Amino acid sequence: MKLSAALTALTCSVCSAASIGLNVNAGMGDPLAIVVKLPSSNPHSSDYAANPASSAEVAAPSPPPSSSAYAAPSSSSSEPHEDPAPSSAPAPHSSSAATPSSSSYSQAPAPSSDTGDIPDGQGNDFTVPAGAVRFPWNYNNADKVVPITPQSKNGGWAMSPDQQCMPNSWCPYACESGYYSAQWDPTALLYNGAGSMNGGLYADGNGKLTKPDPSKPFCSPGMFNAAIKNTLGQSVSACQTVYPGNEAMIIPSVASAGGSVDLNVVPHTYWLGTSSQFYVNLAGSTGDQCIWGNADKPVGNWAPFIFGGGQGADGITYISVQYNPLYTSVGFKTTDAYNVKIQCESGQCNFPTGGECKCEQGVCSVDNGCTVGLPDGAKASFVIY
């Protein structure tokens, strides 16, 4: 079985970020192709997409340039993503949970009922630099939108702390754990290049915010079939990248000590069929460590693990775990990190050959990481131990 197009590589075409690509044509038990751009600097507001791309710029998808770190499907470098197709890879091992264990999940709820008006700030006291556009929500809002570093220049938007939502630009926002932003530029048709950072709301020349698809809520429920189960005595934060957006790993989901948290695993209808990517920090981390880090400390893009998840066009959800190559590239040892295994909680879970998917004591059960398929009704946990 080939990996779903939902695990299409997420690469950083504007900033000098670490971008990890998953080979969407690898067999279930095959190693995942890893493509890394070593970071040299943080993304800056000057790099952020300022204007919506014209229809001429995004008329049709095209392959990335040969110098790109984009991991294109090996069967067709000119196609951004394809439906899964049969392959000669060994059939995955199926594992079903005899009885559902104590649930790590919330029931997949309906999206917020309000799909129309954009709030006016809801009385927040977030930072609004001169000329910038105010973040329209406060904490604990009904739309399930989560402010990101609201006292920094970004003022709550899902942008790097030194970026601002400015007129004539797209301004992404973050959602609660388990939910995804259902708004993006409908003319953005390229993974890299024109429109790839155009997520969220659009601010016109007067700073007035508009919702690109009024028929959809601000935040929609993800698949609600994958969670982190933390068995350690300290909290662990998983930092989701903003995509479409600047791909900074700044959206936190925190599993408390001995607790669990749902991950935002997106459906196949998400933007261009792309998947979710999480940089998972060391034990003792909180949402404050969901930042663009540096080689001096293993947080954010230098976190020890990368989790991935997304639904394929075949309806199967694919979730993955691997060690982060950047973590080891600067001398940190994988043996100093905790262990992670994907555990089937209910339904029928499709594991790689050998029947397991884990990264333990510096070694993964499949070289460079492994992937598990979750058909309809199946749920799994990333167990941290």
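This text follows the structure it describes.
This structure is a prediction, so every number in the text was calculated from the model and none was measured.

It is worth spelling out the overall build of the protein at this point. When its secondary structure is counted, the protein shows 1 helix and 21 strands. Looking at the protein as a whole, 55% of its 385 residues qualify as buried. Across the protein, contacts joining residues at least 24 apart in sequence account for 71% of those joining residues at least 6 apart. By element, 49% of the accessible surface of the protein is carried by carbon and sulfur atoms, the whole surface being about 14600 Å².

Looking now at the environment of Ile-148. When you line up the elements, Ile-148 lands in the loop between strand E2 (145-146) and strand E3 (169-171). Assessed through its relative accessible area of 6%, Ile-148 is described here as buried. Remark: the alpha-carbon pair of Ile-148 and Cys-290, spanning 142 residues in sequence, is separated by 9.9 Å. With residues up to four places along the chain from it excluded, the contact list for Ile-148 reads Asn-154, Gly-155, Gly-156, Trp-157, Ala-158, Ala-174, Ile-250, Ile-251 and Pro-252.

With that settled, consider the side chain of Asn-141. Looking at the secondary structure, you find Asn-141 in the loop between strand E1 (93-96) and E2. A polar contact of 2.8 Å, which involves the side chain of Asn-141, links it to the backbone oxygen of Val-145.

Right, let's talk about the nonpolar core for a bit. With 35 residues, the main nonpolar core has Ile-228, Phe-305, Phe-307, Val-321, Ile-342 and Phe-382 as its most contacted residues. If you look at the next biggest cluster of nonpolar residues, it comprises 18 residues, including Val-145, Tyr-179, Leu-209 and Cys-219.

The next point concerns the sheet that holds E3. Strand order across the open sheet formed by 3 strands is E3-E6-E7, with antiparallel pairing between neighbours. Two strands in the sheet have a free side with no partner beyond their single neighbour: E3 and strand E7 (209-210). Pairing of E3 with strand E6 (residues 201-203) involves 3 bridges; the strand directions are antiparallel. Of the residues in E6, the one forming a bridge with Ser-169 is Ala-203.

Turning our attention to the environment of Val-236. Residue placement: Val-236 occurs in strand E10 (residues 236-241). Val-236 sits in the buried class, given a relative accessible area of 0%. Here the alpha-carbon distance between Val-236 and Gly-258, two residues 22 residues apart in the chain, equals 10.0 Å.

Here strand E11 (residues 249-255) lies mainly inside the structure; 5 of its 7 residues are buried. Bridge count for E10 against E11 is 6 bridges, and the pairing is antiparallel. Paired with Ser-237 across the two strands is Val-254, which belongs to E11.

Turning to the pattern of salt bridges, a few remarks are in order. Enumeration according to the criterion identifies 4 salt bridges in this entry. In this structure, the salt-bridge partner of Glu-356 is Lys-358, at a minimum N-O distance of 3.7 Å. In this structure, the salt-bridge partner of Lys-358 is Glu-360, at a minimum N-O distance of 3.4 Å. Taking the relative accessible area as the measure of exposure, Lys-358 reaches 22% and is therefore partly exposed. A relative accessible area of 28% means that Glu-360 is categorised as partly exposed. Three or more residues joined by partner-sharing salt bridges are found here, namely Glu-356, Lys-358 and Glu-360.

The buried fraction of E10 is high, at 6 of 6 residues. Every second residue of E10 is oriented toward a common face, with Val-236, Ala-238 and Gln-240 on one face and Ser-237, Cys-239 and Thr-241 on the other, all of them buried. Where E10 lies against strand E13 (residues 276-280), 3 bridges are found, and the strand directions are antiparallel. If you follow Cys-239 over to E13, its bridge partner there is Tyr-279.

Within this structure, the stated rule accounts for 6 disulfides. Put simply, Cys-357 and Cys-370 are joined by a disulfide, and their sulfur atoms are 2.0 Å apart. Residues Cys-357 and Cys-370 are joined by a disulfide whose S-S torsion is about 95°; by sign, that bridge is right-handed. Here Cys-370 lies in strand E20 (residues 370-374) and Cys-357 lies in the loop between strand E17 (348-351) and strand E18 (358-360), a separation of 13 residues in the sequence. An identical accessibility class is assigned to Cys-357 and Cys-370; each is buried. Between the sulfur atoms of Cys-359 and its disulfide partner Cys-364 the distance amounts to 2.0 Å. Because the sign of the S-S torsion sets the handedness, a value of about 100° for the bond joining Cys-359 and Cys-364 places this disulfide among the right-handed ones. For Cys-359, a relative accessible area of 0% puts it in the buried group.

A word on the packing of aromatic side chains. Inspection of the entire model under this criterion finds 18 aromatic pairs. Taken together, the ring pairs connect Phe-126, Phe-135, Trp-137, Tyr-139, Trp-157, Tyr-173 and Phe-218 into an aromatic cluster. The aromatic ring of Phe-218 is capped on one face by Lys-211, whose charged end is 4.0 Å from the ring centroid. Geometry around Tyr-385 places Lys-341 over its ring, the cationic atom sitting 5.5 Å from the centre.

Parameters at a glance
Residues numbered from 1 in each chain as written. Predicted model: local features only at pLDDT ≥ 70, side-chain atom pairs only at ≥ 80, totals over all residues. Heavy atoms only, no water. Helix = DSSP H or I, 4+ residues; strand = E, 2+ residues; numbered from the N terminus. Buried < 20%, exposed > 50% of the residue type's maximum accessible area, 1.4 Å probe, protein only. Contact = heavy atoms within 4.5 Å. Areas by Shrake-Rupley, 256 points an atom, 1.4 Å probe, with all protein chains shown as cover. Polar contact = N/O pair within 3.5 Å; in protein donor to acceptor, adjacent residues only side chain to side chain. Core = buried A, V, L, I, M, F, W, Y, C linked by side-chain atoms within 4.5 Å. Pairing = 2+ DSSP bridges. Salt bridge = Lys/Arg side-chain N within 4 Å of Asp/Glu carboxyl O. Disulfide = S-S within 2.5 Å. Phe/Tyr/Trp six-rings, centres within 6.5 Å; stacked < 30°, edge-to-face > 60°. Lys NZ or Arg CZ within 6 Å of the ring centre and 35° of its normal.

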